[in-house]
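Descriptive analysis of the structure
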Amino acid sequence: MQNKSLSRVKAIELVKSTKGRYFSAAFMKKDGSYRKIVSRTGVKKFRRTPDKKSFAHNSDNPYFLVYDIKKNGYRVINLETLLWVKFGGTRYDVIGSAN
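Cut-off values and rules
- Sequence positions are assigned chain by chain, starting from 1 and proceeding in written order.
- In keeping with the model being predicted, local features are shown solely for residues with a pLDDT of at least 70 and side-chain atom pairs are shown and tallied solely at 80 or more, while totals for entire chains, interfaces and linings include all residues.
- The side-chain figures draw on all heavy atoms in the structure; neither hydrogens nor water molecules are used.
- Aromatic rings from Phe, Tyr and Trp, taking only the six-membered ring of Trp, are treated as a pair when their centres fall within 6.5 Å; an angle between ring planes under 30 degrees marks them as stacked, one over 60 as edge-to-face, and anything in between as tilted.
- To sort residues, take the accessible area from a 1.4 Å probe on protein chains only and compare it with the maximum for the residue type: under 20% means buried, over 50% means exposed, and anything in between is partly exposed.
- Where helices and strands are cited, they refer to DSSP runs of H or I of at least four residues and of E of at least two residues respectively, numbered from the N terminus.
- This arc is built from the directions going out from the helix axis to the C-beta atoms.
- In this description, contact between two residues means that some pair of their heavy atoms is separated by no more than 4.5 Å.
- Note on pairing: two strands pair once DSSP finds at least 2 bridges between them.
- Axis angles are defined between N-to-C directions and span 0 to 180 degrees, where every axis is a line fitted to C-alpha atoms and, for a helix, only to the segment in contact.

Considerations on the packing of aromatic side chains
One pass over the structure, following the stated rule, counts one aromatic pair. Relative to Tyr74, the ring of Tyr67 lies with its centre 5.2 Å away and its plane at 80°, an arrangement referred to as edge-to-face. Taking the relative accessible area as the measure of exposure, Tyr67 reaches 8% and is therefore buried. For Tyr74, a relative accessible area of 24% corresponds to the partly exposed category.

Points about helix H1 (residues 8-16)
Considered for burial, the residues of H1 that qualify are Arg8, Ala11, Ile12, Leu14 and Val15. The arc that holds the buried residues of H1, viewed along the axis, is 160°, so those residues lie on one side. Against the buried residues of H1 lie strand E1 (2-7), strand E2 (23-28), strand E4 (63-68), strand E6 (82-87) and strand E7 (90-95).

Focus on the pairing of E2
Side chains on a regular strand alternate between the two faces of the sheet. For E2, a buried count of five out of six residues is recorded, marking the element as mostly surrounded by other parts of the structure. In this sheet, strand E3 (residues 34-40) lies alongside E2 in antiparallel orientation, the contact comprising six bridges. In the strand pairing of E3, Ala25 is matched with Ile37. Linking E2 to E3, which pair antiparallel, is a turn of five residues; within it Gly32 sits at a positive phi near 95°. Both E2 and E6 contribute to a ladder of four bridges, which runs antiparallel. Looking across to E6, one finds that Ser24 is bridged to Lys86.

Thoughts on the environment of Lys86
Along the chain, Lys86 turns up in strand E6. For the pair Lys86 and Phe23, spaced 63 residues apart in sequence, the C-alpha to C-alpha distance is 5.7 Å. Aside from chain neighbours lying at most four places away, what touches Lys86 is Met1, Phe23, Ser24 and Arg91.

Brief notes about the sheet that holds E7
Spatially, seven strands are ordered E1-E7-E6-E2-E3-E4-E5 in an open sheet, and the strand pairing comes out mixed. In the strand order of this sheet, the two ends are held by E1 and strand E5 (73-78), each with one partner. Averaged over neighbouring strand pairs, the angle between their axes works out to 30° when direction is ignored. Sheet topology note: the E6/E7 ladder contains four bridges and is antiparallel. Paired with Val85 across the strands is Tyr92, a residue of E7. Most of the contacts of H1 go to E1, to which it runs at about 110°, and overall it touches E1, E2, E4, E6 and E7.

Right, dumping it as structure tokens:
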């Protein structure tokens, strides 16, 4: 596995461009605890309300909705506290701020 550094902006673009493929990520939760997740984007099968979108879809917040493979449910990643992303056999350590 390769390790690379990536700016926060590029890491956010990477997460959003996974197009349903599996990826791992780590971030700090709202309560300050560390969270590692194996997830994918674009999963629609288990949505309770197909017409209603999550608050995480709003462009004015730092959250991103993913499907957690291990917990079999939707979770929200805080992109402002993203620590690293692993995708395509490469781990990207996030550096810099979101702004």
